[in-house]
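# Coordinate analysis (summary)
In case you want the letters, here they are:
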Amino acid sequence: MKVKVAAVQYAFKNIEHPSQFVEQVTQYVELAALHQPQFLLFPELSSAQLLSIAKKEPYEAIRELDSYTGLYVDLFGGLSKKHGMHIIGGSHVTKNEQGDYVNRAYLFYPDGTYAFQDKIHLTPSEKHPWQLAAGQELKVFETEYTKIAILTCYDIEFPELSRQVMQQGATIIFCPSSTEQKQGMYRVRRCAQARAIENQLYVVETGTLGEMSNVVNMENSTAWAGVFSPCDTHFPIGGVVAEGIEHQDMIIVGEIDLKLIEDVRVSGSVPLIQDRRHDLYTVEFKS
């Protein structure tokens, strides 16, 4: 089965009213919808653009985002239903059921429902000054096309997570990210490519770009989206299905063949999944 995946290289800019965020997100979705993708990925913390409205210190500002959770969910949920596509709405900081603030990535289904994955590994800025709580559960999501997983930015740099979701049947990992420096952008990108190769699946990754001069810790960001595949027969030689232009406001679209994932895991030139040495090592998760 072939499906189309799209990703937004989201351009940050200071705004003065939430309606400007709604307008920008809507424009991206409507542009992507022209290509009729089944999945559309937004970057990590795309909703952080709303922080440019309230000029507060980082600890207070990041918690301010939770006041926009209703707007965020209604916006992406409505657009997903309107256009009949799965939208991974990047991530959004919200208060969880225990009263902790988490970096939560949302998956919006075409029927208007949604699910979420909390970021498991937190960066230094998320630990301090934001003081967010780390996610405690790794999920795999059912869709009408295939099983997918969402690993947010830093999470893609820990191979145990990707290996686990592959073992649970995921054939696509979506990686919303947000990085300030090129080193971080390349680190996420290279790890995304490695995860696609070693787990024989697709990884779709994107990030934010541009400037928000009055938002501490998010003044600058840089992005380079990509759709990555295994490096094997019938896949692109370099394992890149589609990619954007570095640090440019745009949408990328790539067509991926899920049947090829089944084939490469059974009869690829290097059967990575089959050749694991279970007699020597394993990846074990606590319940």
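The notes below deal with the structure included here. (Residues numbered from 1 in each chain as written. Predicted model: local features only at pLDDT ≥ 70, side-chain atom pairs only at ≥ 80, totals over all residues. Heavy atoms only, no water.)

## With respect to the overall build of the protein chain
We count it as follows: Secondary structure elements are taken from DSSP: a helix is a run of H or I of four residues or more, a strand is a run of E of two residues or more, and numbering for both begins at the N terminus. Both definitions apply: the radius of gyration is a C-alpha atom measure, and the globule rule equals 2.2 Å times residues to the power 0.38. Think of it in three bands: residues with accessible area under 20% of the maximum for their type are buried, residues over 50% are exposed, and the middle band is partly exposed, with areas taken using a 1.4 Å probe on protein chains only. Residue contacts are counted whenever heavy atoms from the two residues lie within 4.5 Å of one another. All accessibility values rest on the Shrake-Rupley procedure with a 1.4 Å probe; residue burial counts only the protein chains present in the view.
In terms of regular secondary structure, the protein chain is built from seven helices and 14 strands. Computed over C-alpha atoms, the radius of gyration of the protein chain comes to 18 Å, within 12% of the 19 Å expected from 2.2 N^0.38 for 287 residues, which places it in the range of a compact globule. If you line up the protein chain on its principal axes, its C-alpha atoms span 55 × 40 × 35 Å. Looking at the 287 residues of the protein chain, the share that counts as buried comes to 57%. Taking the contacts inside the protein chain whose residues are at least 6 apart along the sequence as the reference set, 69% of them involve residues at least 24 apart. Within the structure as shown, the protein chain displays about 12,600 Å² of accessible surface, and the carbon and sulfur contribution to it stands at 49%.

## Regarding the packing of aromatic side chains
The condition that has to hold: Only Phe, Tyr and Trp rings take part, Trp by its six-membered ring, and two of them pair if their centres are within 6.5 Å. Stacked means planes under 30 degrees apart, edge-to-face means over 60, and tilted covers everything else.
In the structure shown here, the tally under the stated rule is 18 aromatic pairs. For the ring pair Tyr 154 and Phe 158, a centre distance of 5.0 Å and an interplane angle of 75° mean the geometry is edge-to-face. A residue is classified by how much of its surface remains accessible, and Phe 158, at 24% relative accessible area, is partly exposed. Here a set of aromatic residues connected by ring pairs shows up, and it is made of Tyr 10, Phe 12, Tyr 28, Phe 42, Tyr 72, Phe 76, Tyr 106, Phe 108, Tyr 114 and Phe 116.

## Things to note about the pairing of strand E5 (residues 114–118)
Selection rule: Pairing between two strands is assigned when DSSP locates at least 2 bridges connecting them.
As defined by bridge partners, strand E4 (residues 101–108) adjoins E5 across five bridges and the pair is classed as antiparallel. By the bridge assignment, Phe 108 is partnered in E5 with Tyr 114. Hairpin connection from E4 to E5: five residues lie between these consecutive antiparallel strands, with Gly 112 at a positive phi of about 95°.

## Some points on the state of the cysteines
Using the following cut-off: Here, a disulfide means two cysteine sulfur atoms that sit within 2.5 Å of each other.
According to the stated counting rule, one finds zero disulfides in the structure shown. The thiol sulfur of Cys 175 is not disulfide-bonded, and the nearest other cysteine sulfur, from Cys 153, lies at 6.2 Å. Accessibility expressed as a relative area gives 0% for Cys 175, which makes it buried. Looking at Cys 191, it has no disulfide partner, and the nearest cysteine sulfur is the one in Cys 175, 9.1 Å off. Judged by its relative accessible area of 17%, Cys 191 is buried.

## Some points on the environment of Arg 265
Heads up, the rule is: As used in this structure description, the phrase polar contact means that two N or O atoms lie within 3.5 Å; if the pair is within protein, one of them must be able to donate a hydrogen and the other to accept it, and residues adjacent in sequence are counted only when both atoms belong to side chains.
As for its placement among the helices and strands, Arg 265 is situated in helix H7 (residues 258–267). Separated by 56 residues in the primary sequence, Arg 265 and Leu 209 place their C-alpha atoms 35 Å from one another. The contact partners of Arg 265, leaving out residues within four places of it in the chain, are Met 166, Ala 170, Thr 171, Asn 199, Gln 200, Leu 201, Ile 273 and Gln 274. A polar atom in the side chain of Arg 265 sits 3.4 Å from the backbone oxygen of Ala 170.

## Structural notes on the side chain of Gln 117
In this structure, Gln 117 sits in strand E5. By relative accessible area, which is 1% here, Gln 117 ends up buried. In this structure the side chain of Gln 117 is engaged in a polar contact, spanning 2.7 Å, whose partner is the backbone oxygen of Glu 137.

## What about the packing of helix H1 (residues 18–33) against helix H3 (residues 69–83)?
Filter applied, for reference: Whenever a helix is involved, its axis is fitted only over the stretch in contact; in every case the axis is a line through C-alpha atoms, and angles between N-to-C directions fall within 0 to 180 degrees. We call two directions roughly parallel when the angle between them is under 35 degrees, roughly antiparallel when it is over 145, roughly perpendicular when it lies between 65 and 115, and oblique otherwise. Left-handed describes a crossing whose near helix is turned anticlockwise from the far helix by less than a right angle; the clockwise case is right-handed. When residues are grouped by polarity, Ala, Val, Leu, Ile, Met, Phe, Trp, Tyr, Cys and Pro land in nonpolar, Asp, Glu, Lys and Arg in charged, and all others, Gly among them, in polar.
Where H1 contacts H3, the two axes come as close as 11 Å, and the packing angle between them is 20°. By the angle between their directions, the pair H1 and H3 is classed as roughly parallel. You can see that H1 and H3 cross each other, and the crossing is right-handed. In contact with Pro 18, Phe 21, Val 22, Val 25, Thr 26, Val 29, Glu 30 and Ala 33 of H1, H3 contributes Leu 71, Leu 75, Phe 76, Leu 79, Lys 82 and His 83. Taken together, the residues that form the contact of H1 with H3 break down as ten nonpolar, two polar and two charged.

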